[in-house]
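A structural walkthrough
In case you want the letters, here they are:
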Amino acid sequence: MPDVLIGIDAGTSVIKSVAFDTAGRQLAAAAVPNRYETLPGGGAEQDLARTWADTATTLRQLADKVPDLASRTIAIAVTGQGDGTWLIDKEGEPVTKGWLWLDARAAAIVEEIRARPDDRLRFEKTGSGLAACQQGPQLAFMKRSAPDMLADATTAFHCKDWLYFNLTGERATDPSEGTFTFGDFRTRGYCDDVLEVLGVADLRHLLPPIVDGTRHSAGLSAAAAEATGLLSGTPVVLAYVDVACTALGAGLLDRERKPGCSIIGSTGMHMRLAQTPDEVLLNEARTGYTMTMPTPGVFAQMQSNMAATLNIDWVLSLASGILASQGITRTNGEMIALVDQWISVSEPASLLYQPYVSEAGERGPFVDANARAGFVGISSRHGYADMVRAVFESRDCYAAMGPLPSEIRLTGGAARSPALRKILSAVVGADIRTSQREEAGAAGAAMIAAVCVGQYKSMDECVGEWVTPLLGAAEPSDPKLAAIYERAVPSYTLAHEALRPVWRSMAASRAN
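Here's the deal with the overall build of the protein chain
The secondary structure content of the protein chain amounts to 20 helices and 21 strands. By the compact-globule yardstick of 24 Å for 512 residues, the protein chain fits well, its C-alpha radius of gyration being 22 Å. Dimensions of the protein chain, computed from the C-alpha atoms along their principal axes, are close to 65 × 55 × 50 Å. By the burial criterion, 59% of the 512 residues in the protein chain qualify as buried. In the protein chain, of all internal contacts separated by at least 6 residues, the share reaching a separation of at least 24 is 71%. Surface summary for the protein chain: the accessible area is close to 19600 Å², and the carbon and sulfur share equals 53%. On the protein chain, the mean spot of the 46 positive side-chain charges and the mean spot of the 59 negative ones are 3 Å from each other.

Shown next, in the form of structure tokens:
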């Protein structure tokens, strides 16, 4: 009897295929590093054909680890990195390389649109702030800079949509990514008013149909079966965007406790649950995302840092680089193991760090493609340990979404750090529960497939078996530490507000 569900998660750093049994237990995983290139002018691109080939490789590798995988597979679900623009022509061939969420070339267009009064209409419909990482501004930029490229295109995908197309031959996108980019989160469909505001109404023909993976699947094509080693006709589900799947797998869908959820990965995603459209709180700054969740009438409201662990990687690389210059080699894992030690000997909130280390600037809780990282308040008494601690301390995103949650579900590689958990708990003033799920994104995708094929009657029922048992005990917030961070909030906010003209001036200098 078929007894395996496969979740594919094509992330920015790694492409993974993960096998689960019908009760949500992880059986095996296979992964290959993802590859993309950065370009002058803020470009970030990824080869479409290679992305599909790498994904197929992970499925073949998974088959080496799970006996009789092909005959045992109930369904396959695919999710992946969000935003970006992946264009194909009428034959299904790539028009150009995929533009990623890291791409900043549309930054000037974002500023133009956000400066207009009608951007409020777009924000009220989508529930999502505008940023250069999104497909709308990227298509508008292409209209100006590469109209011939758009003339050859017939469909505009996101990463997971491209992989679903290769698996099934069907052109589609999901409700979460379709509506926060071009739609109305209340209706879960495209919205002509949004397309008009973005200046891409004439490109509506590029938008694929929106399908809900909890109710819709397509069969694995013969070509994909040959490439992956799985059986032709196996149901394939287009899951929601990766952050929605990760939130699902990590425990955001808890109607009773209504927790927050933080994904501490390359980017930082910070979420609250809204169980009706009226519970979605839209801020005056027009920032954040509102994503439909794979259950009727429920939404994840999110604020997203462009860089989360990218900041940690950067500050640790300073130390490892100095050591390397002296002939001392330390792996990234060895450096991370020292973080708790450094934080234990440093003073909380003695420095302010602006965590905008990404070349694409920031998108949450404010939008500014010129934003750059920096320390504020350094004196001669500060050392490297103080700098490391400051990189971990920030709460802007939760504060931008309304009342702070009393509990946060935490996932992502950095969640393994006790120091990070203690700091985040105090910064937000909330208890922390860490998901023991190794691959929350792939699990969330597989959960959507499990509901689609009838393994569970509802997503809430699936959560009860796949998610709740894997949540760790609550780690309470330290009230003394929380009070220190609360006093630092005004200074932190004033710092990035004061620095914005500096970032703009520096960007202008670089351009000249």
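Overview of the sheet that holds strand S12 (residues 218–219)
The mixed open sheet is built from 6 strands, whose spatial order is S3-S2-S1-S6-S13-S12. Among the strands making up the open sheet, the edge pair consists of strand S3 (26–33) and S12. The sheet contact formed by S12 and strand S13 (residues 235–238) spans 2 bridges and is antiparallel. Along S13, the bridge assignment pairs Gly219 with Pro235.

Points about the environment of Gly361
Among the structural elements, Gly361 can be located in the loop between strand S18 (352–354) and strand S19 (374–376). Taking the C-alpha atoms as reference points, Gly361 and Phe375, 14 residues apart in sequence, are found 16 Å from one another.

Comments concerning the packing of aromatic side chains
The geometry of an aromatic ring pair is captured by two quantities: the separation of the ring centres and the angle between the planes. Under the defined criterion, the tally for this structure stands at 8 aromatic pairs. Ring centres of Phe180 and Tyr289 lie 4.9 Å apart, and the angle between their planes is 85 degrees; on these two criteria the pair is classed as edge-to-face. Separated by 109 residues along the polypeptide, Phe180 in helix H8 (residues 175–182) and Tyr289 in strand S16 (residues 289–292) bring together distant segments of the chain. Through a chain of ring-to-ring contacts, the aromatic side chains of Phe157, Trp162 and Phe165 assemble into a single cluster. Here Arg105 stacks its cationic end above the ring of Trp99, 3.6 Å away from the centre of that ring.

Concerning helix H19 (residues 459–466)
Taken residue by residue, H19 has Met459, Cys462, Val463 and Trp466 as its buried positions. Burial along H19 is one-sided: seen end-on, the buried residues are contained in an arc of 105 degrees. Considering only its buried residues, H19 is in contact with strand S1 (4–10), strand S2 (14–21), helix H11 (242–250) and helix H18 (440–452).

As for the environment of Glu465
Looking at the element boundaries, Glu465 is found in helix H19. Taking C-alpha positions, Glu465 is 36 Å from Leu207, a pair spaced 258 residues apart along the chain. When neighbours within four sequence positions are excluded, Glu465 is seen to be in contact with Ala23 and Tyr456. Here the side chain of Glu465 touches Tyr456 through a polar contact of 2.9 Å, side chain to side chain.

Brief notes about H8
In an α-helix, one full turn covers 3.6 residues, which means residues spaced three or four apart are oriented alike. Judged by how many residues are buried, H8 sits mostly within the fold: 8 of 8 residues are covered. Residues Pro175, Ser176, Glu177, Gly178, Thr179, Phe180, Thr181 and Phe182 constitute the buried set of H8.

Observations concerning the nonpolar core
Among the nonpolar cores identified, the biggest contains 90 residues, and Ile6, Trp162, Met459 and Trp466 are the most heavily contacted of them. Considering every element that reaches this core, the biggest residue donor is H18, with 11 residues. If we skip the residues at most four places from it in the chain, Ile6 touches Val18, Leu59, Leu62, Leu69, Thr73, Ala75, Ile76, Ala77 and Leu230. One finds Val339, Val391, Leu420 and Ala482 within the second-largest nonpolar core, a separate group that totals 29 residues.

Some thoughts on the sheet that holds strand S8 (residues 98–99)
Pairing is antiparallel in the open sheet, where 3 strands are placed in the order S4-S5-S8. Pairing within the sheet leaves two strands with one partner each, and these edge strands are strand S4 (37–39) and S8. As paired strands, S4 and strand S5 (residues 43–46) are joined by 3 bridges and run antiparallel to one another. Within S5, the position partnered with Leu39 by the bridge is Gly43.

Brief notes about the pairing of S13
Relative to S13, strand S6 (residues 73–80) runs parallel, the two being bridged by 3 bridges. Among the inter-strand pairings, Ala77 is bridged to a residue of S13, identified as Val237.

Overview of the side chain of Gln354
Looking at the element boundaries, Gln354 is found in strand S18. Leaving out residues up to four positions away in the same chain, Gln354 has contacts with Arg372, Ala373, Gly374, Tyr492, Ala495, His496, Leu499 and Trp503.

So, how was this worked out
- Residues numbered from 1 in each chain as written.
- Predicted model: local features only at pLDDT ≥ 70, side-chain atom pairs only at ≥ 80, totals over all residues.
- Heavy atoms only, no water.
- Helix = DSSP H or I, 4+ residues; strand = E, 2+ residues; numbered from the N terminus.
- Rg over C-alpha atoms; globule rule 2.2 N^0.38 Å.
- Buried < 20%, exposed > 50% of the residue type's maximum accessible area, 1.4 Å probe, protein only.
- Contact = heavy atoms within 4.5 Å.
- Areas by Shrake-Rupley, 256 points an atom, 1.4 Å probe, with all protein chains shown as cover.
- Lys, Arg positive; Asp, Glu negative; His and termini not counted.
- Charge placed at Lys NZ, Arg CZ, Asp CG, Glu CD.
- Pairing = 2+ DSSP bridges.
- Phe/Tyr/Trp six-rings, centres within 6.5 Å; stacked < 30°, edge-to-face > 60°.
- Lys NZ or Arg CZ within 6 Å of the ring centre and 35° of its normal.
- Arc of directions from axis to C-beta.
- Polar contact = N/O pair within 3.5 Å; in protein donor to acceptor, adjacent residues only side chain to side chain.
- Core = buried A, V, L, I, M, F, W, Y, C linked by side-chain atoms within 4.5 Å.

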